[in-house]
Amino acid sequence: MRLTKFTDLALRSVMRLAVVRDGDDPLTTREVADAMGVPYTHAAKAVTRLQHLGVVEARRGRGGGLALTDAGRDASVGRLVRELEGDGEVVACEGDPPCPLRTACRLRSALRDAQEAFYAALDPLTVADLVASPTGPVLVGLSDRPSA
């Protein structure tokens, strides 16, 4: 299985937000983009999607920024990946032209089962689990901003 770059960026962004300490200023989308080494527009799209999923809260204006919600901290990584990846199948059997084996193919169902097993392996993990040591301190170090 391979995640899309969008899902990878969204998960890394959530992980970075998960290590912002109480009392620290919230990170901006630009700071997340810079920490992840991606264009601002890519990070903004990922943050918007995470907001729609209820994982990230964004506040505008002075003192605004991004914050991981409690639901985001406790979110199942498997659920997040399912939501971010969408309902697409591993193979495009119905493409143009459609695969001639699509009505009697055992590979398609085997790949669908493998995809679900991949997600199921991620289901028990939460975002909080992902940022446990040694990952958390490395994530904090990705910011140029000094901590409070």
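Everything numeric here is computed off the predicted structure, so don't read it as measured data. (Residues numbered from 1 in each chain as written. Predicted model: local features only at pLDDT ≥ 70, side-chain atom pairs only at ≥ 80, totals over all residues. Heavy atoms only, no water.)

Right, let's talk about the confidence of the model for the chain for a bit. Atomic detail in the predicted coordinates should be set aside for any region of low pLDDT. Per-residue confidence for the chain gives a mean pLDDT of 87; residues scoring 70 or more make up 95%. Element-level pLDDT for the chain is lowest in helix α8 (residues 135-140), with a mean of 75, against a maximum mean of 96 in helix α3 (residues 40-52). (pLDDT = per-residue confidence, 0-100. Helix = DSSP H or I, 4+ residues; strand = E, 2+ residues; numbered from the N terminus.)

Our next topic: the layout of surface pockets. Each pocket or cavity is described by its volume, and for the largest pocket that value is around 270 Å³. Residue lining of the largest pocket: 15 residues in total, with Thr29, Tyr40, Ala58, Arg59 and Leu66 positioned closest to the centre. Those elements giving two or more residues to the lining of the largest pocket turn out to be α2 (29-36), α3, β1 (56-59) and β2 (65-68). Considering each element in turn, the lining of the largest pocket owes the most residues, 5 residues, to α3. Of the residues that constitute the lining of the largest pocket, the class distribution is 6 nonpolar, 6 polar and 3 charged. Its boundaries defined by the atoms lining it, the second largest pocket holds a volume of some 170 Å³. (1 Å grid on protein atoms, 1.4 Å probe; cavity = no way out; pocket = protein on both sides within 12 Å on 5 of 7 lines; lining within 4 Å. Points joined across faces, edges and corners; volume = space filled by probe spheres on them. Nonpolar A, V, L, I, M, F, W, Y, C, P; charged D, E, K, R; others polar.)

Direction of pairing for β1 relative to β2: antiparallel, over a ladder of 4 bridges. Bridging across to β2, arginine 59 finds its partner in glycine 65. Hairpin connection, β1 to β2: the antiparallel pair is bridged by 5 residues, and glycine 61 has positive phi, about 85°. (Pairing = 2+ DSSP bridges.)

With that out of the way, let us pick up the pattern of salt bridges. Scanning the entire structure with this criterion turns up 4 salt bridges. A salt bridge links aspartate 8 to arginine 12; the nearest nitrogen and oxygen atoms lie 3.2 Å apart. Highlighted residues: aspartate 8 and arginine 12, both in helix α1 (residues 5-18), separated by 4 residues, approximately one helical turn. The class for arginine 12 is partly exposed, based on a relative accessible area of 28%. Across the salt bridge formed by glutamate 116 and arginine 82, the nearest N and O atoms sit 2.7 Å from each other. Placement of glutamate 116 in helix α6 (residues 106-122) and of arginine 82 in helix α5 (residues 77-85) is noted, with a sequence separation of 34 residues between them. Overall, arginine 82 belongs to the partly exposed group, its relative accessible area being 24%. Among the charged side chains, a network of salt bridges with common partners joins Arg82, Glu116 and Asp123. (Salt bridge = Lys/Arg side-chain N within 4 Å of Asp/Glu carboxyl O. Buried < 20%, exposed > 50% of the residue type's maximum accessible area, 1.4 Å probe, protein only.)

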